[in-house]
Structure formats: structure tokens, C-alpha cells
Amino acid sequence: MDSYISDIQNSLYDTLVNYIDIDFTLWLTWLLTPLLITFVLPLIIVILLYTTALILYVYKWHWNRVRTTFGQGDKWGAARKAVAALWDAHGWIWHGYEVTGLDNLNNNEPGLIIYYHGAIPIDLYYFITKVLLFKNRLVHTVADYFLFKIPGFSIIAEGMNVIPGTVQTCSTVLKDGNLLAIAPGGVYESQFSHNYNLMWKKRLGFAKVAIDAKVPIIPMFTENVREAFRTVSFGKKLFLKIYAATKIPVAPIYGGFPVKMITHVGKPIPYDPNLSPEDLQAKVAQAINELVIKHQRLPGSITHALLDRIPYLRLKNDLVKHK
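Here goes a summary of the coordinates provided. None of the values given here were measured: they were computed from a predicted structure.

About the criteria used
Residues numbered from 1 in each chain as written. Predicted model: local features only at pLDDT ≥ 70, side-chain atom pairs only at ≥ 80, totals over all residues. Heavy atoms only, no water. Helix = DSSP H or I, 4+ residues; strand = E, 2+ residues; numbered from the N terminus. Contact = heavy atoms within 4.5 Å. Areas by Shrake-Rupley, 256 points an atom, 1.4 Å probe, with all protein chains shown as cover. Buried < 20%, exposed > 50% of the residue type's maximum accessible area, 1.4 Å probe, protein only. Pairing = 2+ DSSP bridges. Axes fitted to C-alpha atoms, helices over the stretch in contact; angles between N-to-C directions. Parallel < 35°, antiparallel > 145°, perpendicular 65-115°, else oblique. Nonpolar A, V, L, I, M, F, W, Y, C, P; charged D, E, K, R; others polar. Salt bridge = Lys/Arg side-chain N within 4 Å of Asp/Glu carboxyl O. 1 Å grid on protein atoms, 1.4 Å probe; cavity = no way out; pocket = protein on both sides within 12 Å on 5 of 7 lines; lining within 4 Å. Points joined across faces, edges and corners; volume = space filled by probe spheres on them. Phe/Tyr/Trp six-rings, centres within 6.5 Å; stacked < 30°, edge-to-face > 60°. Lys NZ or Arg CZ within 6 Å of the ring centre and 35° of its normal. Patch = residues over 30% accessible without salt bridge, like charges linked within 9 Å, V, L, I, M, F, W, Y side chains within 5 Å.

Some points on the overall build of the chain
When helices and strands are counted, the chain shows 14 helices and nine strands. Sequence separation of 24 or more characterises 79% of the internal contacts of the chain that already satisfy a separation of 6 or more. As displayed, the chain has an accessible area near 17400 Å², and 63% of this comes from carbon and sulfur atoms.

This is how it looks when you write it as C-alpha cells:
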């Protein structure tokens, strides 16, 4: 009899332990899922960047075979188109990416594109692919110095004409008849602008470049870019101190949310020899702020940005936003 009772007790104990184990597993899954979604999804961008580097390496080191296959004469042309197709597909699937005002880019003339810098400038990657595929023009870009120290980035910089950017080098690119994109706020803006506020301080380099090259400035802003990826809002003072001392962005980034993204290209601001760099900076900042006010829901909302993927709800949200 004692043995029978003992067996029942052991059975009940095993059942209870198994139940607790299952219940704890479910609880742990619910707990960690949001963390996985917010911090693992940005790895998609890293994967795409290294896929880009891989494609460019293939075209660089195996060009003779590629040329025989495709019969093209430009070493980088086919590689860029392949990379553009990759990024355009990702933008269309994950963000329903669109561009408005693409006609504001002249087909043949140079221009300086000034844009707001999101936590990750993924919108710029998509925009470059659109211009390459639909305008057959490569947008040269200026990147922060720390990026050139990342393994694998040098081949991307070489293939896609990414430069660190001084006034002289940028001016030369424009004088050669190219398009050039600069985010005056740079990494500082990407890390610490949490509500689409421009953080240019007294940076006048881009204005000096435009004046020296005598080219128009095209303002650009991407709707919901900071809803796709965000930097954490806590610990700002600490991250600011670290950034000021090292110029390395350390504020954690989370996101990768499949929000609706639309890049809005504004009307060109023509070259005016009577404008000083300070006056031109103010004029460009005003143009971008007007794009933000016109197209962006403030404060930003990840939920609404996700709902914008549904055309009916986007139209409804737009009516509410502009009331």
C-alpha cells in the first residue's frame, strides 16, 4: 500500500514539474520575443551590407568572367545594378518603399542632395537604388570616417563611390557633373535626434560645397525613417560624452520594423551667389523642416507607421495627421 501511494506521489510530482517547465517555457518565450524582434531584426541590415560587399567582390575579382557572360564594358556597372536590385526588392517587400518627387533630380545636371539622417540611413540605400534603376545615375555619398574602419566597408565605398568628404573632394564630385548626398547632422543626428529635429549645429560645409560648385541643393526627407529604426532614449548624457570623446556612435539601436517608408524629394534650391553659407544653411533647413511638417506624423508612432502599409488606413491616418 505504501509503495502504491509513493508511486502516485511521484507521478503527481513529475506531472507538476513538467507543467511548471512548460509554463515557464511559455512565459520565457513571451518575455524574450519582443527583445528578439527589436534587437535581432537590425541584423538584417548587416546581412544585406555584407551581401552587397560579397557581390561587389565577385564583380571586382572575377570581372573577366562576368564581362564574358554579360558583355558589358563598365567594371562596376553590372555589379551596381545587381546590388540595386537586391536593395530595391528588400525595400519594396519590407517597407513598401516609394519615392515622390524623383523628377526634381535632373537627368544630366549635378546636384547636392541634403537629407535628414535616421538612426540607420536605410532610406538612403533604397533611394540610391531607385535613382540608379530609374534614372541610371549613381548618387555619390558622404559617410562618417568611422565606417571606413569597418571590415568589408572599403569595397562598398569603392564600388558605390562613398567618400569621407571634405569641401574640396565634394566640390570636385559635383563639378564633374555628379549627384552627391550629404546628411549635415551625420552620426550625431542619427544618435540623438528622437523626433525628426535637425541637429546640424553650425555645420556649414555642405553650403560651402554647393556655393563653390555652383550647384542646386535638393532637400530630401523620408517619412517614418525613425519608426523603422530608433536609438534608445535613456542614457543620453552618457552616450553624448562617449561620442564627444571618441566620435563613435554607441547608443543602442533597435527596430527593423516593416513600417511604410516614402522618400520625399523637394524642389531644388538654385545656386544664388548672393547667399552666404549661413543663409544657405538656414534656407535648406527650412525646406527640410517643411517636408517633415507636411509628411511626417509628429510625434512619430511605430503603430501608425505599421498601419500605413494598408492603403485605406494610410489615407485615414493622413486625414487625421493634417487636420
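Some words on the pairing of strand 3 (residues 139-142)
Neither face of strand 3 is left uncovered, since the one carrying V139 and T141 and the one carrying H140 and V142 both have all their residues buried. Alignment of strand 3 against strand 5 (residues 179-182), held across three bridges, turns out to be parallel. Bridged to T141 within strand 5 is A181. Sheet analysis places strand 3 next to strand 4 (residues 162-163), joined by two bridges and oriented parallel. Paired with V142 across the bridge in strand 4 is I163.

Considering the packing of helix 9 (residues 205-213) against helix 12 (residues 277-295)
In the contact formed by helix 9 and helix 12, the axes pass within 9 Å of each other and the chain directions differ by 110 degrees. The angle between the axes of helix 9 and helix 12 places the two elements in the roughly perpendicular class. Of the residues in helix 12, those touching helix 9 at F206, A207, K208, A210 and I211 are P277, L280, Q281 and V284. Residues that form the contact of helix 9 with helix 12 fall into these classes: seven nonpolar, one polar and one charged.

Some details on the sheet that holds strand 6 (residues 217-223)
Taken together, the seven strands give an open sheet; going across it, the order is 1-9-6-2-5-3-4, and neighbouring strands pair in mixed fashion. Strands at the two margins of the open sheet, each flanked by one partner only, are strand 1 (98-100) and strand 4. Looking at chain direction, strand 6 and strand 9 (residues 262-265) are connected through four bridges and run antiparallel. The partner of F221 across the bridge, within strand 9, is H264. Here helix 7 (residues 167-175) sits on the sheet and contacts strand 2 (111-115), strand 3, strand 4 and strand 5; the angle it forms with strand 5, its principal contact strand, is near 145 degrees. Across the sheet, helix 9 touches strand 2, strand 5 and strand 6, and the angle it forms with strand 2 is around 165 degrees.

Section: the pattern of salt bridges
Taken as a whole and judged by the stated rule, the model has five salt bridges. With a shortest N-O distance of 3.2 Å, D88 and K130 are connected by a salt bridge. On the criterion of sequence distance, the pair formed by D88 in helix 4 (residues 77-95) and K130 in helix 5 (residues 122-134) is long-range, its members being 42 residues apart. Relative accessible area serves as the criterion here: at 15%, K130 is assigned to the buried category. The partner of E227 in a salt bridge is R230, with the nearest N and O atoms 2.4 Å apart. Residue R230 is classed as partly exposed on the basis of its relative accessible area, which comes to 22%.

Things to note about unusual backbone geometry
Looking along the chain, the bond that leaves L298 and enters P299 is cis, with omega of -5 degrees. Checked against the element boundaries, P299 lands in the loop between helix 12 and helix 13 (302-307). Even without being glycine, K247 reaches a positive phi, approximately 60 degrees.

Quick word on empty space enclosed by the protein
Following the criterion strictly, the structure yields two cavities of 30 Å³ or more and no others. By volume, the largest cavity amounts to about 60 Å³. Looking at the largest cavity, the residues that line it are A210, I211, V215, I217, I269, P270, Y271, D272, L275 and L280. Partitioned by chemical class, the residues of the lining of the largest cavity number nine nonpolar, no polar and one charged.

A word on the packing of aromatic side chains
Tallied over the full model, the rule gives eleven aromatic pairs. Centroid distance W87 to Y125: 5.2 Å. Interplanar angle 70 degrees. Geometry classified as edge-to-face. Taken as a pair, W87 in helix 4 and Y125 in helix 5 lie far apart in primary sequence, 38 residues in all. On the basis of relative accessible area, W87 is assigned to the buried category, the value being 4%. Measuring from ring centre to ring centre gives 5.2 Å for F148 and F153, while their planes differ by 90 degrees; the resulting arrangement is edge-to-face. Since its relative accessible area comes to 27%, F148 is described here as partly exposed. The rings of W87, Y97, Y125 and Y126 are connected pair by pair, giving a single aromatic cluster. In this structure, K201 is placed above the aromatic ring of Y188, and the distance from its NZ or CZ to the ring centre is 4.2 Å.

Some words on a nonpolar patch on the surface
A surface patch of nonpolar side chains, about 450 Å² in accessible area, is lined by L43, V46, I47, Y50 and I150. Inspection of the secondary structure puts Y50 in helix 2 (residues 43-61).

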